[in-house]
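# Structural characterization, general
One-letter residues, chain by chain:
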Amino acid sequence: MKTLAILLVLCAPAFADPQGSSEHARLELAPAGHAFKALQIENPLGDVRVEGYDGNAIMIETHKQAPDDDTLERLRVSLVPNPDGTVRITTTADHSPESKPVSRSAVRIDLVIRAPRNAHVDATVSSGKLEVSNMDGGGELDSASGALSVHNLSGELVTSTVSGPTSLEQVFGSVDAAAISADVDLDTIAGERLIASANHGHIAGRRVRSREVELTTTEGNIMLEAEASLRGRLVVSSLRGDVEVHLHRHGAVFLRARGTKVDLGQQQTVHPQPSGWTEQAFGQADHPALVELRSTYGSVQFTVVE
Amino acid sequence: MTCEKIREQLTAYLDGELEGDRGTPVRGHLRTCAACRQVATDEAALRDGLRALPPLDPPPSLWAGVQAQLAAAEVRESQRPAWRRALSRWAPLAPRFGMVLGACAAATVLLAWRAHRHEETAAPSLAQQTPATQHTPVAPPPPAPAPPPAPVVAPAGDVSADLAAEPARISGDSAQAATALLATARAEIAAWPADRKQAFEARLSELTAAADAAAEGRPKQRAYRDLIRYLQNAAIREEVALR
């Protein structure tokens, strides 16, 4: 901590209004010696928005809301810059014997953080929204029921949520997204691997160009529009949902599909197997891209776009 | 939570003392751990049996005997000299006086030893040059660190209590999803050959144990994520055909 020169520009007008008390503050944290490498953010009390930019400093805007001034005082944002280039930002609500009990829904802390584009983002929210955009250092994002939203991110990305809808757009790197009871929406994903799973929820993917793709749902439908990579592998599976895949083909593709109803268009001759799998080759090559589509209790639809 | 920690809380859980979210991790664990579930079932059955026993009232002769002994003790007390009654009031505190005196003696010895050691270790060369009769002044020992303040427990319903309970709540949701998915997976793999089922159960045990042992928060969430994905793959992709 001693190696960092911290520039704090704090303007914190707290004011009371008919809806309660609120406080808006802005901090700027400038590095000395070396750049910030990573942000660790934990905000269980509200939204988090992280935006990458081409500067070196970290700018944090906090917005607190509470029913009264005393409760507002209990809301804390702590900022800990570490010598290894990691900055930890956490929020909490203090408690003392004199504190008047207040419900969680009555208080709020929202954070807007502008950070150097190359920093890695490691963030956790509860029911608030977590938005990350224009970052190049990858990220690891968690929520309980809050929505996860990523736009224009490079590097490895891991997301996990219980019931927060997940939206990943323009991600250039490997992605691993998991939702227990929520939908996963993917748009413009390019990287070595894309793994996405939803237990009770749909998965929708557009402009997916990852080399290895593995999408799985238990209950929800899966819709995917993707490009087949050379020697790539694409596995789309659901237990009870329908599977619909539109594939842009640039080379040979070997497809196998199984479902209560399998529709491969009418372009090629279908070769059903005794095992229930339908297999079909599109083009000829020693190492075709492999596509496996299955739904145990749902239908499978596949179209190839030449 | 580990099985050991869960079993420590089972009694309170069965007594209904784990209110609200505090019971969630126990419930979640019991859904996935057959061994702990059995222990809970046994203990609950024992309690039910004890509750079913008829109430046992003491006989009237017991109370009469107790009252007679109390009366006799009061008579004896009134007949004792005043100085003996005063002494007997202080007698129970005698061990405490002893402890205080002992502590004072121990502190005196410790101070003397520290002073002597300070002379030896802080400036040995100086000690060689200084006559033995000249003692350097000894600084008083540093004050003992203040005991940490007792943690303030937020009342239920307060934001602080809600935040503290959140990791367990998320784990409970994940455990619930895993339990439901496990039932689905077992139905889907019913037709598997025995050796594959055995392999499934073995891996399931590993992943369940990992989820139980993982710390609350992200580690546990990641462990449940692995477990849920494994169950999904078992239920849906009974074979990995393209590898």
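Residues numbered from 1 in each chain as written. Chains lettered and ligands numbered in written order. Predicted model: local features only at pLDDT ≥ 70, side-chain atom pairs only at ≥ 80, totals over all residues. Heavy atoms only, no water.

Moving on, we get to the overall build of chain B. Of regular secondary structure, chain B possesses 10 helices and 0 strands. When the helices and strands of chain B are placed in sequence order, the string is α-α-α-α-α-α-α-α-α-α. Residues classed as buried in chain B amount to 25% of the 243 residues present. If you take every contact in chain B between residues at least 6 apart in sequence, the share linking residues at least 24 apart comes to 58%. Surface accessibility of chain B: about 16,300 Å² in total, with carbon and sulfur atoms responsible for 63%. (Helix = DSSP H or I, 4+ residues; strand = E, 2+ residues; numbered from the N terminus. Buried < 20%, exposed > 50% of the residue type's maximum accessible area, 1.4 Å probe, protein only. Contact = heavy atoms within 4.5 Å. Areas by Shrake-Rupley, 256 points an atom, 1.4 Å probe, with all protein chains shown as cover.)

This part is about helix α9 (residues 194-213) of chain B. If you check α9(B), its first and last C-alpha atoms are 28 Å apart, about what 20 residues at 1.5 Å a residue would give, namely 28 Å. Structurally, α9(B) contributes buried residues whose contacts are with α2 (24-32), α8 (159-188) and α10 (218-236) of chain B. (Expected span 1.5 Å × (residues − 1).)

Confidence along chain A averages 90 in pLDDT terms, with 92% of residues attaining 70 or more. With pLDDT under 50 throughout, residues 1-12 of chain A is counted as low confidence; its partners more than four residues away or in other chains account for 35 contacts. (pLDDT = per-residue confidence, 0-100.)

This paragraph deals with the side chain of B:Thr184. Tracing the backbone through its elements, the reader meets B:Thr184 in helix α8. When neighbours within four sequence positions are excluded, B:Thr184 is seen to be in contact with A:Leu239 and A:Arg240.

A separate point is the interface of chain A and chain B. Contacts between the two partners involve 57 residues from chain A and, on the opposite side, 36 residues from chain B. Roughly 3,400 Å² is buried in total at the junction of chain A and chain B, and carbon and sulfur atoms are behind 50% of that figure. The shortest N-O distance in the salt bridge between B:Arg237 and A:Glu214 comes to 3.0 Å. In terms of residue class, the side of chain A that touches chain B is built from 24 nonpolar, 18 polar and 15 charged. (Buried area = accessible area lost by both parts, 1.4 Å probe. Salt bridge = Lys/Arg side-chain N within 4 Å of Asp/Glu carboxyl O. Nonpolar A, V, L, I, M, F, W, Y, C, P; charged D, E, K, R; others polar.)

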